[in-house]
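# Residue-level structural notes
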Amino acid sequence: MRVIAGKARSLRLKTPAGTEVRPTTDRIKETLFNIIQAQVPGSLFIDLFAGSGGIGIEALSRGARYAYFADNSTEAAACIRDNLTFTKLSDNAALLRQDAALALRQINEKEADIIFMDPPYQSGCEEGVFGTLREMPYVTENTMIILEAEVRKDMDFLEDMGFEVVREKKYRTNKHVFIRKRGKL
């Protein structure tokens, strides 16, 4: 796995050992960043279930002004820290070694621009995380939330929580779901 573009272009990133983390492939990461490239420069980026930190590091490399990385695994946190140091992007990042919902409550920002989340497939934690996102004042109608999920993952729960799917990009076995908070009715 490598950084595709920007300041840290072509640098290889570490990944945590084992099967707990399944890093987004370079091809899928490139497709994702082609879709969001206009929103990344100057953005506040949050990478939940960050694993190796590859998505948030890509955002920083491409000009995000700051990124939060959240993962509750000790091994993943060490990997993220090493990758941030190696890419020289540590000064614009915060690492929160805790559960995604708890990490979201630690962030004190006016507005998040992009929130990326790639929870373990089959964990069923998406609804809980979206419940927390709904409560956070920095998650506004302008915040783009991107969920990486299995291609068959049902997203019907989002509407009842005040969110709407604005786009889906399907791959062979997974998809990126682009979600926004609905405005006040």
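Quick look at the structure, then. (Residues numbered from 1 in each chain as written. Predicted model: local features only at pLDDT ≥ 70, side-chain atom pairs only at ≥ 80, totals over all residues. Heavy atoms only, no water.)

Below, the discussion takes up the pattern of salt bridges. Taken as a whole and judged by the stated rule, the model has 7 salt bridges. Of the charged contacts in the structure, one is a salt bridge between aspartate 82 and lysine 14, with a shortest N-O distance of 3.0 Å. Taken as a pair, aspartate 82 in helix H3 (residues 74–86) and lysine 14 in the segment before helix H1 (26–36) lie far apart in primary sequence, 68 residues in all. Given a relative accessible area of 36%, aspartate 82 falls into the partly exposed group. Between lysine 175 and glutamate 168 there is a salt bridge; the shortest N-O distance is 3.5 Å. (Salt bridge = Lys/Arg side-chain N within 4 Å of Asp/Glu carboxyl O. Helix = DSSP H or I, 4+ residues; strand = E, 2+ residues; numbered from the N terminus. Buried < 20%, exposed > 50% of the residue type's maximum accessible area, 1.4 Å probe, protein only.)

Looking now at the layout of surface pockets. The space that makes up the second largest pocket amounts to roughly 160 Å³. Every residue lining the second largest pocket is listed: Thr25, Arg27, Ile28, Thr31, Tyr171, Arg172, Thr173 and Asn174. In terms of residue count, H1 provides more of the lining of the second largest pocket than any other element does, 3 residues in total. In the lining of the second largest pocket, the residues fall into 2 nonpolar, 4 polar and 2 charged. (1 Å grid on protein atoms, 1.4 Å probe; cavity = no way out; pocket = protein on both sides within 12 Å on 5 of 7 lines; lining within 4 Å. Points joined across faces, edges and corners; volume = space filled by probe spheres on them. Nonpolar A, V, L, I, M, F, W, Y, C, P; charged D, E, K, R; others polar.)

Once that is clear, we can look at H3. With 13 residues, H3 ought to run about 18 Å at 1.5 Å a step, and its terminal C-alpha atoms sit 18 Å apart, in line with that. Contact partners of the buried residues in H3: helix H2 (54–61), strand E2 (66–70) and strand E3 (93–96). Looking one or two residues beyond H3, the residue adopting positive phi is lysine 88, at roughly 60°. (Expected span 1.5 Å × (residues − 1). Contact = heavy atoms within 4.5 Å.)

So, about the packing of aromatic side chains. A complete count under the given rule lists 3 aromatic pairs for this structure. Between tyrosine 66 and tyrosine 68, the ring centres sit 5.2 Å apart and the planes meet at 65°, which makes this aromatic pair edge-to-face. Each residue in the set Phe130, Phe157 and Phe163 is aromatic and connected to the rest through ring pairs, giving one cluster. (Phe/Tyr/Trp six-rings, centres within 6.5 Å; stacked < 30°, edge-to-face > 60°.)

What follows deals with the pairing of strand E1 (residues 44–48). Taken across its 5 residues, E1 has 5 buried, putting it largely inside the fold. Alternating positions in E1 separate into two faces, Leu44, Ile46 and Leu48 on one and Phe45 and Asp47 on the other, with burial throughout. Judged from the 5 bridges that link them, E1 and E2 form a sheet pairing that is parallel. Opposite leucine 44, over in E2, you have tyrosine 66 as the bridge partner. (Pairing = 2+ DSSP bridges.)

Counting residues in hydrophobic clusters, the biggest one holds 30 residues, and the most contacted among them are Ile46, Leu48, Phe130, Leu133, Ile145 and Ile179. Once residues within four sequence positions are removed from consideration, phenylalanine 130 is found in contact with Met117, Ile145, Leu147, Phe157, Leu158, Met161, Phe163 and Ile179. (Core = buried A, V, L, I, M, F, W, Y, C linked by side-chain atoms within 4.5 Å.)

Turning our eyes to something else, we now look at the state of the cysteines. The bond known as a disulfide is covalent and runs between the sulfur atoms of two cysteines. The final tally for this structure, using the stated rule, is 0 disulfides. Cysteine cysteine 79 is unpaired, with the sulfur of cysteine 125 as its nearest cysteine sulfur at 20 Å. By relative accessible area, cysteine 79 is classed as buried at 6%. Judged by relative accessible area, which is 22%, cysteine 125 ranks as partly exposed. (Disulfide = S-S within 2.5 Å.)

Turning next to the environment of threonine 140. Looking at the secondary structure, you find threonine 140 in the loop between helix H5 (126–135) and strand E5 (144–150). With relative accessibility at 16%, the residue threonine 140 sits in the buried group. As for threonine 140 and glutamate 75, which are separated by 65 residues in sequence, their C-alpha atoms are 32 Å apart. Not counting residues up to four positions away in its chain, the partners in contact with threonine 140 are Glu111 and Lys181. Of the polar contacts made by the side chain of threonine 140, one reaches the backbone nitrogen of asparagine 142; its length is 3.1 Å. (Polar contact = N/O pair within 3.5 Å; in protein donor to acceptor, adjacent residues only side chain to side chain.)

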